[in-house]
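One letter stands for each residue in the lines below.
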Amino acid sequence: MAKANYHIRRKCPICGTIFEIRTIDAVYCSHNCSAVASKRKKAQEEKEKKYEQMAKEIPDIKEYLTAAEAIAMYCVERSTLYRDIRLKKLPSVNLGQRQLRLKRSDLNERYELRKKVRKAAQKPIPKTYNMEPENCYTIGEISEKFRIHDSSVWAHIRKFSIPTRQIGNYVYAPKSEIDKLYKSIKL
Ligand SMILES: [Zn+2]
């Protein structure tokens, strides 16, 4: 019997089987493979949601990221990230046992930001600060609380563009920003 020559064959992207399609939009060889594909898709979406949530919580001023944070922010798989670190394609610093850190500028150079992260960065939320003294620290208080010399406090305030306000002899900076700053940078 002559074989019909209009049969279309496709390769199942899940199991690799070559199969004859029954409908033109068939992608998978079987219900089984189709179920596997939809499960994978769901898992991927879950993963991306987790990344998005994590990325949202990383302060903009944080200069050194953990590997998990880097993966949450950038389009890079865990295995690729660690390979790049191992091959020294991506510089890293080690602050101690299991304390690997990656510099944001190095990551920016090598990887793309994830789409959701990029979108969030594009529409900055206008920041409003409560500059009333009760919501602020004086420079002296900051220096005392975080055990940092005045001059370093000033340097950080300038570097991270933290707003200040002078009342009498005192200069005030918002507690929220200062707390966030010293929580996120390693002293
Ligand atoms: Zn299949």
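Everything numeric here is computed off the predicted structure, so don't read it as measured data.

A. Region of the structure containing the packing of aromatic side chains. Summed over the entire model, instances satisfying the criterion amount to two aromatic pairs. Taking the centre distance of 6.3 Å and the plane angle of 80° together, the rings of Y137 and F146 count as edge-to-face. The exposure class of F146 is buried, given its relative accessible area of 18%. Relative to Y182, the ring of F146 lies with its centre 4.8 Å away and its plane at 40°, an arrangement referred to as tilted. With F146 in helix α6 (residues 139–146) and Y182 in helix α8 (residues 175–184), this pair connects stretches of sequence that are 36 residues apart. When sorted by exposure, F146 lands in the same class as Y182, which is buried. Following the ring pairs from residue to residue traces out a cluster consisting of Y137, F146 and Y182.

B. Local environment of the coordination of the zinc ion. Binding of the zinc ion to the protein goes through C12 (SG), C15 (SG), C29 (SG) and C33 (SG), at separations of 2.3 to 2.4 Å. Between the four donor atoms coordinating the zinc ion, the angles at the centre fall across 106 to 116°, so the site counts as tetrahedral. Site description for the zinc ion: donor spacing in sequence, C-x2-C-x13-C-x3-C. Under the relative-accessibility criterion, C29 is labelled partly exposed at 24%. On the basis of relative accessible area, C33 is assigned to the buried category, the value being 8%.

C. View of the domain arrangement of the protein. Domain boundaries assigned for the protein yield domain 1 (58–122) and domain 2 (133–184). The centre of domain 1, based on its C-alpha atoms, is set 28 Å off from the matching centre of domain 2. With four residues of domain 1 at the contact, the number on the domain 2 side is four residues. Interface area, domain 1 with domain 2, both sides summed: about 390 Å², of which 72% is carbon and sulfur. The largest contributions to the domain 1 side of the interface with domain 2 come from P59, I61 and K62, which together make up 86% of the buried area. Between domain 1 and domain 2 we count one salt bridge in total. A salt bridge links K159 to E63, with the shortest nitrogen-to-oxygen separation between them at 3.7 Å. The interface formed by domain 1 and domain 2 holds zero residue pairs in polar contact (both at pLDDT 80 or more) in total. In terms of residue class, the side of domain 1 that touches domain 2 is made up of two nonpolar, no polar and two charged.

Cut-offs used in this document
- Every chain is numbered independently, its residues counted from 1 as its sequence is written.
- Selection of residues for local features in this predicted model requires a pLDDT of at least 70, selection of side-chain atom pairs for listing and counting requires 80 or more, and totals for whole chains, interfaces and linings are taken over all residues.
- As a convention, hydrogens and water are excluded, and side-chain values are obtained from all of the structure's heavy atoms.
- Aromatic rings from Phe, Tyr and Trp, with only the six-membered ring used for Trp, were paired whenever their centres fell within 6.5 Å, and each pair was classed as stacked if the ring planes differed by under 30 degrees, edge-to-face if by over 60, and tilted otherwise.
- The buried label applies to any residue whose accessible area, calculated with a 1.4 Å probe on protein chains only, is under 20% of its type's maximum; exposed applies above 50%, and partly exposed to all values in between.
- Strands here are runs of E lasting at least two residues and helices are runs of H or I lasting at least four, both read from the DSSP assignment and numbered beginning at the N terminus.
- A 2.8 Å cut-off from the metal defines N, O and S donors, relaxed to 3.2 Å for Na, K and Ca; water is not in the atom list, so some sites may appear incomplete.
- Just to be clear on the cut-offs, tetrahedral is four donors with all angles between 85 and 135 degrees, square planar is four donors and octahedral six with opposite donors over 155 degrees apart and all others between 65 and 115, and anything else goes down as irregular.
- The domain limits used here are those given by an automatic or database domain assignment.
- Only heavy atoms matter for contacts: two residues are in contact if any of them lie within 4.5 Å across the pair.
- Two parts placed together each lose some accessible area under a 1.4 Å probe, and adding up what both lose gives the buried area.
- Salt bridge, as used here, is a side-chain nitrogen of Lys or Arg placed within 4 Å of a carboxyl oxygen of Asp or Glu.
- Pairs of N or O atoms within 3.5 Å make up the polar contacts considered here, provided that, within protein, one atom can donate a hydrogen while the other can accept it, and that residues adjacent in sequence are counted only when both atoms are side-chain atoms.
- Any residue that is not Ala, Val, Leu, Ile, Met, Phe, Trp, Tyr, Cys, Pro, Asp, Glu, Lys or Arg is counted as polar, Gly included; the first ten are nonpolar and the last four charged.

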